[in-house]
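# Summary of the model geometry
Residue strings, one per chain:
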Amino acid sequence: MSRPIDYYFTLLSPWTYLGHGAFIELAEKHALTVRYRPTPLRSVFDETGGLPLPKRHPVRQRYRLLELQRWRARRGLPLTLFPKFFPYDVSLADRIVLAIVARGKDPAGFIGEVLADVWAREQDMSRPELVLAATERAGLDATGLIEAAGSEAIGQAYQAAIAEAVEAGVFGAPSYVLDGEIFWGQDRLDLLADALASGRAAYRSDATA
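Residues numbered from 1 in each chain as written. Predicted model: local features only at pLDDT ≥ 70, side-chain atom pairs only at ≥ 80, totals over all residues. Heavy atoms only, no water.

### With respect to the packing of helix 1 (residues 14-29) against helix 5 (residues 108-119)
Heads up, the rule is: Axis lines are fitted to C-alpha atoms, over the contacting stretch for helices. Their N-to-C directions set the angle, which ranges from 0 to 180 degrees. A run of H or I in DSSP becomes a helix once it reaches four residues, and a run of E becomes a strand once it reaches two; helices and strands are each numbered from the N terminus. Crossings are sorted by hand: turned counterclockwise from the far helix by less than a right angle, the near helix makes the crossing left-handed, and turned clockwise it makes it right-handed. Only heavy atoms matter for contacts: two residues are in contact if any of them lie within 4.5 Å across the pair. Residue type decides the class: Asp, Glu, Lys and Arg count as charged, Ala, Val, Leu, Ile, Met, Phe, Trp, Tyr, Cys and Pro as nonpolar, and the leftover types, Gly among them, as polar.
Following both chains from N to C, one finds helix 1 and helix 5 inclined at 145°, their axes separated by 9 Å at the closest point. Crossing angle aside, the handedness with which helix 1 passes helix 5 is left-handed. For the pair formed by helix 1 and helix 5, the contact residues are Pro14, Thr16, Tyr17, His20 and Ile24 on the first element and Ala108, Ile111, Gly112, Leu115, Ala116 and Trp119 on the second. Considered class by class, the residues forming the contact of helix 1 with helix 5 number eight nonpolar, three polar and no charged.

### Side note on the side chain of threonine 10
So the rule is basically this: Think of it in three bands: with a 1.4 Å probe and only protein chains considered, a residue is buried below 20% of the maximum accessible area for its type, exposed above 50%, and partly exposed in between.
The topology assignment puts threonine 10 in the loop between strand 1 (4-9) and helix 1. Judged by its relative accessible area of 3%, threonine 10 falls in the buried class. Those residues in contact with threonine 10 that lie beyond four places of it in its chain are Thr16, Thr39, Leu41, Val90, Asp94, Leu115 and Ala173.

### Side note on the nonpolar core
The line we're drawing: Take the buried Ala, Val, Leu, Ile, Met, Phe, Trp, Tyr and Cys residues and link them wherever side-chain atoms come within 4.5 Å; each set so joined is a nonpolar core.
Of all hydrophobic cores here, the largest spans 50 residues; its most connected members are Leu11, Phe23, Tyr36, Phe110 and Leu192. Here this core gets eight residues from one element, more than from any other, and that element is helix 5. The contact partners of leucine 192, leaving out residues within four places of it in the chain, are Ile5, Phe23, Leu26, Tyr176, Leu178 and Phe183. Counting residues in each nonpolar core, the second largest holds nine residues, with Leu41, Val44, Val170 and Ala173 among its members.

These results come straight from atomic positions and should not be treated as a statement about function.
Here it is in structure tokens:
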């Protein structure tokens, strides 16, 4: 039986962009059922003590730029360090993911397209027409997606992700939660791969030995 894994992310994050393709490949290799959890990350920061980028100490901001360059090279992906339309209102794109899932479709391709639009193509992904264009490039039917994304049910699911993330122990994106064990950051994908290959039991933060 396929193992589920919860994928907490925001389509605003360069780290989600850098790790998305590698994560999907890993999930496919191990026949995982990915449960997509687009999450309003700023609210998660507020709940868990994190700071949005502009409020972080300059030392942390400078180190972030080093890491982006390292991982850009490691992943072999184009990435603009200072894209024209960052930050942007990510809520529509995030909610479109939920609308795609509600239709019983796989949003992985759409997620990849939107992330590349922001970090490689420098598009303004707060614009609905560009978001819909990304769904079409991903081979999805865009008809009615904007309306569905604006529905009360999708809005409630999107807001509920905040409490769900905090309850799961998530405090940043991307985070991958396998059997209750959190792997935070795309730089933890090797550790996730090791856990899947070994078949070991999940590690717990309340372990005593």
